[in-house]
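Structural overview for review
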Amino acid sequence: IREGRKSFPSGHSSTAFAGLGFLGLFLMGQLAVFRGKHGVWSMTVALAPFIIAMVVAMTRVMDYRHHWQD
């Protein structure tokens, strides 16, 4: 039963991507990333929430809490 429960999608990862993904998109809009007004710094700030969400998802797999296919 424990192995079967590992195949469910992670609530931590889902919440991280939902919240931090919205934050990243909001920052992209506020910093005008795709309008060319700012340089690499604004792109880095806007992509940071996505990177944090990916780290959350990877740690769930590395801790053997979920399978990588989820």
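Just so you know, these numbers come straight off a predicted model, no measurement behind them.

1. A closer look at the overall build of the protein chain
- Per the secondary structure count, the protein chain includes three helices and zero strands.
- Sequence-ordered secondary structure for the protein chain, helices as α and strands as β, is α-α-α.
- Burial statistics for the protein chain: of 70 residues in total, 20% are counted as buried.
- Put simply, 63% of the contacts in the protein chain that link residues at least 6 apart link residues at least 24 apart.
- About 5500 Å² of surface is accessible on the protein chain, with carbon and sulfur atoms providing 68% of the total.

2. Topic: the side chain of Ser-42
- Counting through the fold element by element, Ser-42 comes out in helix α3 (residues 40–62).
- Once you skip the residues sitting within four places of it in the chain, Ser-42 turns out to touch Leu-31 and Val-33.

3. Examining the confidence of the model for the protein chain
- Per-residue confidence for the protein chain gives a mean pLDDT of 79, with 71% of residues at or over 70.
- Of all secondary-structure elements in the protein chain, the lowest mean pLDDT belongs to helix α1 (residues 2–5), at 64, while helix α2 (residues 11–30) reaches the highest, 87.

4. Some thoughts on α2
- Counted at 1.5 Å a residue, the expected span for α2 with its 20 residues is 28 Å, and the 28 Å between its end C-alpha atoms agrees.
- Positioned one or two residues after α2, Ala-32 has a phi angle of 50 degrees, which is positive.

5. Let's talk about a nonpolar patch on the surface
- A cluster of nonpolar side chains, Phe-17, Leu-47, Ile-51, Met-54, Val-55 and Met-58, forms an exposed patch at the surface whose accessible area comes to about 520 Å².
- Counting residues per element, the nonpolar patch draws most heavily on α3, at five residues.
- Inspection of the secondary structure assignment puts Met-54 in helix α3.
- Residue Met-54 is classed as partly exposed on the basis of its relative accessible area, which comes to 43%.

6. Focus on the environment of Ser-14
- Tracing the sequence through the fold places Ser-14 in helix α2.
- Residues Ser-14 and Val-56 lie 42 residues apart in sequence; the distance between their C-alpha atoms is 9.6 Å.

Criteria and cut-off values
Every chain begins its residue count from 1, and numbering advances along the sequence as written. Where local features are concerned, this predicted model is filtered to residues with pLDDT of at least 70; where side-chain atom pairs are given and counted, the filter is 80 or more; whole-chain, interface and lining totals use all residues. Side-chain numbers here rest on the full set of heavy atoms in the structure, without hydrogens or water. Comment: elements are numbered from the N terminus, with helices defined as DSSP H or I runs of at least four residues and strands as E runs of at least two. Exposure is judged per residue with a 1.4 Å probe applied to protein chains only, and the accessible area is read against the type maximum: over 50% gives exposed, under 20% gives buried, and values in between give partly exposed. Pairs of residues are marked as contacts when any of their non-hydrogen atoms sit within 4.5 Å. Accessible surface is estimated by sampling points in the Shrake-Rupley manner with a 1.4 Å probe; for residues, cover comes only from the protein chains shown. The score called pLDDT rates the predictor's confidence residue by residue, from a low of 0 to a high of 100. A helix is expected to reach a length of 1.5 Å times the quantity of its residues less one. Residues with no salt bridge and a relative accessible area higher than 30% make up the patches, which join like charges within 9 Å and nonpolar side chains (Val, Leu, Ile, Met, Phe, Trp, Tyr) within 5 Å. The term salt bridge refers to a side-chain nitrogen of Lys or Arg lying within 4 Å of a carboxyl oxygen of Asp or Glu.

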